[in-house]
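In case you want the letters, here they are:
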Number of protein chains: 2
Amino acid sequence: MVNIAIMGHGTVGSGVVEVLNINADNICSRAGQQIRITRILDLREFNDLPYSDLFTKDFNDILNDDSISIVVEAMGGLNPSYEFTKALLQAGKSVVTSNKELVAQKGDKLLAIAKENNVNYLFEASVGGGMPIIRPLHFCLAANKIEYIQGILNGTTNFIMTKMVKDNFSFDQALELAQKKGYAEKDPTADIGGADANRKICILASLAYGKHIYPHEVHQYGINDITLADVEFAKSMGCVIKLIGRATQLENGKVSIMVCPVFLPVSSKLAKIDDVYNAVVVKGNAVGEVLFVGAGAGKMPTASAIMADVIYAVKAENTSISQSWDSSDGMVVSNYREDIMRFYLRLKVDDIEKAKEFIFEKYESPVILSRINQPDDEIAFKTGFMLEDKVKKLTEELENNGFKQLSKLRIID
Amino acid sequence: MVNIAIMGHGTVGSGVVEVLNINADNICSRAGQQIRITRILDLREFNDLPYSDLFTKDFNDILNDDSISIVVEAMGGLNPSYEFTKALLQAGKSVVTSNKELVAQKGDKLLAIAKENNVNYLFEASVGGGMPIIRPLHFCLAANKIEYIQGILNGTTNFIMTKMVKDNFSFDQALELAQKKGYAEKDPTADIGGADANRKICILASLAYGKHIYPHEVHQYGINDITLADVEFAKSMGCVIKLIGRATQLENGKVSIMVCPVFLPVSSKLAKIDDVYNAVVVKGNAVGEVLFVGAGAGKMPTASAIMADVIYAVKAENTSISQSWDSSDGMVVSNYREDIMRFYLRLKVDDIEKAKEFIFEKYESPVILSRINQPDDEIAFKTGFMLEDKVKKLTEELENNGFKQLSKLRIID
């Protein structure tokens, strides 16, 4: 019999109770033991549940209970999650979490503490909801040098982009529908601004490259500014627009990492992943490209990923087998201005001919694009491979010439 | 420092040496220790390799070498692989294999022996080559009741079917090209007849349902008889034809399991997986559908999956954490004649009107299909859901009425 506690009885925490209830037979048979929830930490009142007696408001009731060997942290945020997790690991309890913010900010430290104390800190649910990616990346692809990781890591923005590309919804219409369906929060900033995807690509890249990469080191750009005009130009090139997280190891060993909306050819693996699905492509030097697809969020998928980690922690008792990576010296991430990419640019111009002259003179192999209902003062083009820094400088020059840059997106294969 | 041995220096075994060579840094850092190959068993001579001194023809050189803690079995076949693996596990060594035949036939026994001896028997490479599926299915989806597993498990037949569907190759032309490209063996029976996919779906289903399912219990049908006429009729329905392995748990708890070519709607996840790629869809009751895609075979992908298991065995030393399932009492698999499916049938008939009468009278909700260049004596139709047994009996009746059944395929969503 294994006793576990849950911290936080929101969507995810209550989902864990539910998954353990409906799948108790499977879970216990796979763990080889009965698993029982004996404590739930939450500051709110839950008086009408069949398991109301398990609730406590005092963290010490869990920390000091020696009969509890595994704790699920489903509180989210950095505080007090960090201090709680640290104390639990130091007390010899394994911790399982879906808290991507905490893992992305403090993963190196918590993994080191887990190792010191011969327990496990597990976070399969932190990326991709129920879609297995952390353990496959860490264990199954362990014999590969990871060339790149590229993924649709946020279901909300994928839903919005799908609506824009497939059904010609404007950004605002698509966001409204996402909120109505419960896919987007009232304040959708973390999703549409890219912060959520950023945390996830940090976790995946840290795992793949063995050094902690922090969210503030990532070049992050959201989908707020994407318009149907951009979607149309993408279509004219045989592309769709997706918000992706991407980490690539460069020849100098540094990691180029970004979260941004990009043009993807419709034939690419990720272009076909629609609605709220998440997907990750991992390229290993031995295995080639591997693709994972699944529900990226949601109560039951996320809770099932947490319970899988709990089972794993039960089976690996007294063995610190969790993934780990080193703290970083801040020298891991390359400057995104040194990236060499292809770009799509859309400009507002008074004089189209003057704009064309500028474009053909300054950009690498530009190709002018065309769309239906294109206004007379709009011009868009794609470029060949160019240094990001060069494109940035040209953006300033553009404005000095009386042009206005409306959109700039990267084009990725 | 961990010493390992390799049994069998064919494509896979030599690939393991190569992967360890090119990715030594990554592998050893992830394992937390140096990993060194100290013995290779093969009856053939390999005198010109830089590591020729490691070869032995005597299994006892590995079995009795206490410095070797992990052995890679890349010999294939049942004998002597079974006896060797058993002896190694009993001697306290973990064994890692890509031998799907052995796992599918003797997995339950070898897993039990591994457990008794507190070592691991690992076989990620046995299904899907480098595509992670065994460990994700076992660990990441452990908190789910698995409703079904459905996959393209054989790269050779997927290549052949892709060529037939996309490029109108005949079966013979497609097979010839597959052989020329090295995707199909000279004797392609195990691939095109479905035996290879059968072993793999047995392994996945045994893992998912916790009881050993043997290949001889699986309803197996190959792609030998598929013609371009069938491909055309599939297209007329918005479908492609793929050889899939499929295991579904029925309401009575039994498992319906089969390997056969099916009609899949082009919009389905598996329909889009072409060429030699493998893919598996797993539906869990909590997580929903999860999709895995990757190179299903090949020297380096398979070898990288083996090395990942070796790393895992190193990290889990002294812990028997490998997947396991119970021996089966032969009561797990349902009789496929009791399956309720939709069917596509193609007949050779002298009298089309008489055939239509028969079809509309005897089959559930039949829809007559039509294709370009359809001969006068051919009729094809799809049915609604019907008991397989009923369709089988109608096949006999058909022939008594002077019709000839040319094709029968299942239709799956």
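Every value quoted in this text rests on a predicted model; they were computed, and no experiment measured them. (Residues numbered from 1 in each chain as written. Chains lettered and ligands numbered in written order. Predicted model: local features only at pLDDT ≥ 70, side-chain atom pairs only at ≥ 80, totals over all residues. Heavy atoms only, no water.)

A. Geometry of helix α10 (residues 195-209) of chain B. Over its 15 residues, α10 of chain B extends 21 Å from the first C-alpha to the last, a length consistent with the 21 Å expected when each residue adds 1.5 Å. Just past α10 of chain B, the residue Gly210 of chain B takes up positive phi, approximately 75 degrees. (Helix = DSSP H or I, 4+ residues; strand = E, 2+ residues; numbered from the N terminus. Expected span 1.5 Å × (residues − 1).)

B. Broad picture of the sheet that holds strand β2 (residues 35-41) of chain A. Residues and elements named next belong to chain A. Strands sit in the order β3-β2-β1-β4-β5-β6 across an open sheet of 6 strands; the sheet is parallel. With partners counted over all chains shown, the strands left at the sheet margins are β3 (55-56) and β6 (121-122), one partner each. In this structure, strand β1 (residues 2-7) lies alongside β2, joined through 6 bridges in parallel fashion. Opposite Ile4, over in β2, you have Ile37 as the bridge partner. (Pairing = 2+ DSSP bridges.)

C. Structural detail: the interface of chain B and chain A. In this assembly, 48 residues from chain B lie in contact with 48 residues from chain A. Between chain B and chain A the total buried area reaches about 3900 Å² when both faces are included, carbon and sulfur atoms providing 58% of it. At the boundary of chain B and chain A, one finds 0 salt bridges. On inspection of chain B and its partner chain A, the count reaches 16 residue pairs in polar contact (both at pLDDT 80 or more). Mapped by element, the contributors of at least two residues to the side of chain B that touches chain A are α1 (11-22), α2 (24-31), α6 (134-140), α10, β12 (288-295) and α12 (299-315) of chain B. Sorting elements by how many residues they give to the side of chain B that touches chain A places α12 of chain B first, with 8 residues. Within the side of chain B that touches chain A, the residues separate by chemical class into 30 nonpolar, 10 polar and 8 charged. Note: strand β12 (residues 288-295) of chain A against β12 of chain B, 3 bridges, orientation antiparallel. Looking at the pairing, Val293 of chain A lines up with Leu291 of chain B of β12 of chain B. (Contact = heavy atoms within 4.5 Å. Buried area = accessible area lost by both parts, 1.4 Å probe. Salt bridge = Lys/Arg side-chain N within 4 Å of Asp/Glu carboxyl O. Polar contact = N/O pair within 3.5 Å; in protein donor to acceptor, adjacent residues only side chain to side chain. Nonpolar A, V, L, I, M, F, W, Y, C, P; charged D, E, K, R; others polar.)

D. How the structure looks around helix α8 (residues 171-180) of chain B. Residue and element names in this part refer to chain B. Here α8 has its buried residues at Phe171, Ala174, Leu175 and Ala178. Here the buried residues of α8 occupy an arc of 100 degrees about the axis, which is enough to place them on one side. In α8, those exposed residues whose orientation departs by more than 90 degrees from the buried face are Asp172, Glu176 and Lys180. Those residues of α8 hidden inside the fold are in contact with α7 (155-167) and α9 (189-192). Gly182 lies just past α8 and shows a positive phi near 80 degrees. (Buried < 20%, exposed > 50% of the residue type's maximum accessible area, 1.4 Å probe, protein only. Arc of directions from axis to C-beta.)

E. Just the domain arrangement of chain A, in detail. All names here are of chain A. By domain assignment, chain A separates into domain 1 (2-129 + 299-315), domain 2 (134-295) and domain 3 (338-411). Look at where the C-alpha atoms of domain 1 and domain 2 centre, and you get two points 27 Å apart. Contact with domain 1, which involves 19 residues of that partner, is made by 17 residues of domain 2. A buried area of about 1500 Å², summed over both sides, lies between domain 1 and domain 2, and 61% of it is on carbon and sulfur atoms. For the domain 1 face of the interface with domain 2, the top three residues by lost area are Lys100, Ala104 and Val127, together amounting to 36%. Summed over the shared surface of domain 1 and domain 2, the result is 3 salt bridges. The residue Glu101 makes a salt bridge to Arg199 at a minimum N-O spacing of 4.0 Å. Run the count over domain 1 and domain 2 and you get 6 residue pairs in polar contact (both at pLDDT 80 or more). Breaking the side of domain 1 that touches domain 2 down by element, the ones donating at least two residues are α5 (100-116) and α12 (299-315). (Domains from an automatic or database assignment.)

F. Representation of the environment of Asn318 of chain A. All names here are of chain A. Mapped onto the elements of the fold, Asn318 is located in the loop between α12 and β13 (340-348). For Asn318, a relative accessible area of 62% gives the class exposed. With 85 residues separating them in the primary sequence, Asn318 and Phe403 have C-alpha atoms 64 Å apart.

G. Representation of the sheet that holds strand β3 (residues 55-56) of chain B. Residues and elements named next belong to chain B. Across the sheet, 6 strands lie side by side as β3-β2-β1-β4-β5-β6; this open sheet has parallel pairing. A strand with exactly one partner marks an edge of an open sheet, and here the two such strands are β3 and β6 (121-122). As paired strands, strand β2 (residues 35-41) and β3 are joined by 2 bridges and run parallel to one another. Counted as the bridge partner of Leu41 is Thr56 from β3. Here α12 sits on the sheet and contacts β1 (2-7), β2, β4 (68-73), β5 (94-97) and β6; the angle it forms with β4, its principal contact strand, is near 155 degrees. (Axes fitted to C-alpha atoms, helices over the stretch in contact; angles between N-to-C directions.)

H. Broad picture of the relation of the copies chain B and chain A. For the pair chain B and chain A, the best superposition has an RMSD of 0.0 Å and corresponds to a rotation of 180 degrees with a translation of 0.0 Å parallel to the axis. The operation mapping one copy onto its partner corresponds to a two-fold rotation axis. By C-alpha distance to the rotation axis, the residue of chain B lying nearest is Phe292 of chain B, at 2.4 Å. Interface overlap between copies: 100% of the residues of chain B at the interface are likewise at the interface in chain A, consistent with a symmetric, same-surface contact. (Least-squares fit on C-alpha atoms with pLDDT ≥ 70 in both.)

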